[in-house]
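So you can see what is in the structure, the chains are spelled out below.
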Amino acid sequence: MELSNKQKIGTHFKKENIFLATVSASNTDTKEILKSKLDGKVTEDLMSLFVDKGVISSEQFDVFYKDDTGYTRFVEEGPETFAGDNSDGKGTIRNVVSAWEYYSEEQIFECMLDNKFMAICVLDMNPLYKYNEDYNKA
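Just so it is clear, the model here is predicted, and its values are computed rather than measured. (Residues numbered from 1 in each chain as written. Predicted model: local features only at pLDDT ≥ 70, side-chain atom pairs only at ≥ 80, totals over all residues. Heavy atoms only, no water.)

A. Main features of the pairing of strand β5 (residues 78–82). In this structure, strand β4 (residues 70–75) lies alongside β5, joined through five bridges in antiparallel fashion. By the bridge assignment, R73 is partnered in β5 with E80. The loop that links β4 with its antiparallel partner β5 comprises two residues. (Pairing = 2+ DSSP bridges. Helix = DSSP H or I, 4+ residues; strand = E, 2+ residues; numbered from the N terminus.)

Right under this line is the structure:
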């Protein structure tokens, strides 16, 4: 992954729209993730039972940009936008907090990823891990 055109927040993205949040993946996405990881070691019926009953779920925490289209996170494959309420079947966004509660202005920046799209980037993952510890650990 190549980062270029690094600049302060404010050119492409509004500072007040940057959040840390957790995606609780939909059952369909959770099943797909499990299929790719388990490589047929567990039957699909058993896996579906566990996911559908809520025994197994999938969550991911990340930096998001909120605008009128939803919550967008920036991954190597490109921007991924979530409605936030699972109305798009992609999962529910929860534990939304301002990124500035964990990051300083020097730690978050705008950049071009692989010369394809502008993204919100961080080089220090420790604040994100702290967020996860604060909001997602029981």
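B. Layout of the environment of N115. With respect to the element layout, N115 can be found in the loop between β7 (108–113) and β8 (117–122). When the C-alpha positions of N115 and N5 are compared, they lie 9.0 Å apart, and in sequence the two are 110 residues distant.

C. Quick look at a nonpolar patch on the surface. A grouping of V42, L46, L49, F50 and V55 is seen on the molecular surface, where their side chains present a nonpolar patch of about 390 Å² in accessible area. Owing to a relative accessible area of 59%, V55 belongs among the exposed residues under this scheme. (Patch = residues over 30% accessible without salt bridge, like charges linked within 9 Å, V, L, I, M, F, W, Y side chains within 5 Å. Areas by Shrake-Rupley, 256 points an atom, 1.4 Å probe, with all protein chains shown as cover. Salt bridge = Lys/Arg side-chain N within 4 Å of Asp/Glu carboxyl O. Buried < 20%, exposed > 50% of the residue type's maximum accessible area, 1.4 Å probe, protein only.)

D. Here's a closer look at the layout of surface pockets. The calculated volume of the second largest pocket comes to roughly 160 Å³. Lining the second largest pocket, in full, are K6, Q7, K8, I9, K15, W100, E105, E106, I108 and F109. Listed by contribution, the elements that provide at least two residues to the lining of the second largest pocket are β1 (3–7) and β7. Classifying every residue of the lining of the second largest pocket by side-chain character gives four nonpolar, one polar and five charged. (1 Å grid on protein atoms, 1.4 Å probe; cavity = no way out; pocket = protein on both sides within 12 Å on 5 of 7 lines; lining within 4 Å. Points joined across faces, edges and corners; volume = space filled by probe spheres on them. Nonpolar A, V, L, I, M, F, W, Y, C, P; charged D, E, K, R; others polar.)

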